[in-house]
Amino acid sequence: MTTLTHPPRTASPPARPRRTAGDGKWRRRIPLLPALVFTVVVTQLPFVATLVISTFEWNILKPGNRHFVGLANFKFVFTDERLRTAVLNTVVLTASVVLISVLLGLGLAMLLDRRFVGRGLARTLLIAPFLVMPVAAALLWKHAIYNPDYGLLNGTLNAVYRLFGADNGPTVDWISSYPMPAVVVSLVWQWTPFMMLILLAGLQAQPGDVLEAARVDGASAMATFRHITLPHLRQYIELGILLGTIYVVQTFDAVYTITQGGPGSQTTNLPYEIYLTMFRKYEYGQAAAAGVVVVLGSIVIATFALRTIASLFREEVSR
């Protein structure tokens, strides 16, 4: 009679803990933690310090007379005549530069969207002004172009007068006579390439079959641009306007270098007025409050810009 023997039972391995979707997300996010900490330290902590300073009446010439005033500095920001003038100048400067840059950028983008000999060189030359440092660009316009004695504008004007028999043309001090247009033109020269790049990307993203169908149907170039190209570029134009507004609102280099806010505060914008309040009047609390107002306004504009960018990405993904 045979007996059946069973093999010895081995212990089952311990059950592994189940991984949840949240664990995977955190493992992907942990490498970004140093960058997040760095960003908070560099950007948010100074902003919190600025918020704290904005609630104090603090003049560095009276170091022992610092005391808490709450929102009084913000009330001063919205009621001071110099700051109201700076706000108006900022609106005029920003709107002029952004709108003119968008129109010129659209024209240049449409030209570069066509094939011609030397298009790559032309594109590189048109992008070059945007790559120049802001201070260098401002110095270029102030001395090489606007200078009344040896600037390019007066030199060209005198040459034209001599062509018609005059001994010499008028000597115009462009910065003193036209301070705001002088700053606007220099900034338009610098920001038009930025708008051109955004709008050129929009033009090259147009669906070719739609344009071909319009040509087959006999649509004119103007009708194609009005009914097909312009609606397609709407979001790109909005993006250019929003991003341009964010950057141009913060313009300091051109105002400080070309006009120093004058003559008579005609070109003093908010960043330059904050500089004057901080380093000329030494009113740290008022300057901090004005800076907080500018930052909050920039955040509002940036929110709309991010929404526009997100809508562009969604549109690209859906194609």
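This write-up is about the structure you can find in this document. (Residues numbered from 1 in each chain as written. Predicted model: local features only at pLDDT ≥ 70, side-chain atom pairs only at ≥ 80, totals over all residues. Heavy atoms only, no water.)

Focus: the side chain of Ser54
- Here Ser54 lies in the loop between helix 2 (33-53) and strand 1 (56-57).
- Ser54 gets classed as buried once you look at its relative accessible area, which sits at 1%.
- A distance of 2.5 Å separates a polar atom in the side chain of Ser54 from the backbone oxygen of Leu51.
- Those residues in contact with Ser54 that lie beyond four places of it in its chain are Gly70, Asn73, Phe74, Gly285, Ala288 and Ala289. (Helix = DSSP H or I, 4+ residues; strand = E, 2+ residues; numbered from the N terminus. Buried < 20%, exposed > 50% of the residue type's maximum accessible area, 1.4 Å probe, protein only. Polar contact = N/O pair within 3.5 Å; in protein donor to acceptor, adjacent residues only side chain to side chain. Contact = heavy atoms within 4.5 Å.)

Some thoughts on the nonpolar core
- Formed by 45 residues in total, the largest nonpolar core has its most connected members in Leu93, Val97, Val183, Leu187 and Tyr236.
- Every element with two or more residues in this core is listed here: helix 4 (81-112), helix 6 (134-145), helix 9 (179-204), helix 11 (221-249), helix 12 (253-259), helix 13 (270-279) and helix 14 (284-318).
- Take this core: its biggest share by element is 14 residues, from helix 9.
- When neighbours within four sequence positions are excluded, Val97 is seen to be in contact with Val184, Leu187, Val188, Trp191 and Val248.
- Core analysis: the second largest hydrophobic core is formed by eleven residues, Val77, Ile274, Ala287 and Ala290 among them. (Core = buried A, V, L, I, M, F, W, Y, C linked by side-chain atoms within 4.5 Å.)

Digging into the packing of helix 4 against helix 13
- It is at 8 Å that the axes of helix 4 and helix 13 come closest, and there the two elements cross at 150°. As the angle between them shows, helix 4 and helix 13 are arranged roughly antiparallel. The segment helix 4 lies against helix 13, with Arg82, Leu83, Ala86, Val87 and Thr90 engaging Leu270, Glu273 and Leu276.
- Taken together, the residues that form the contact of helix 4 with helix 13 break down as five nonpolar, one polar and two charged. (Axes fitted to C-alpha atoms, helices over the stretch in contact; angles between N-to-C directions. Parallel < 35°, antiparallel > 145°, perpendicular 65-115°, else oblique. Nonpolar A, V, L, I, M, F, W, Y, C, P; charged D, E, K, R; others polar.)

A short note on the pattern of salt bridges
- Considering all chains together, one arrives at three salt bridges under this definition.
- Glu212 is the partner of Arg215 in a salt bridge, and the nearest nitrogen-oxygen pair spans 2.9 Å. One end of the pair, Arg215, and the other, Glu212, are both in helix 10 (residues 208-216), three residues apart, so they sit about a helical turn from each other.
- Since its relative accessible area comes to 40%, Glu212 is described here as partly exposed.
- One salt bridge in this structure joins Arg234 and Glu238, with 2.8 Å as the shortest N-O distance. In this pair, Arg234 and Glu238 both sit in helix 11, four residues apart, roughly one turn of the helix. (Salt bridge = Lys/Arg side-chain N within 4 Å of Asp/Glu carboxyl O.)

Everything listed here is a matter of coordinates, which is why it stays silent on function.
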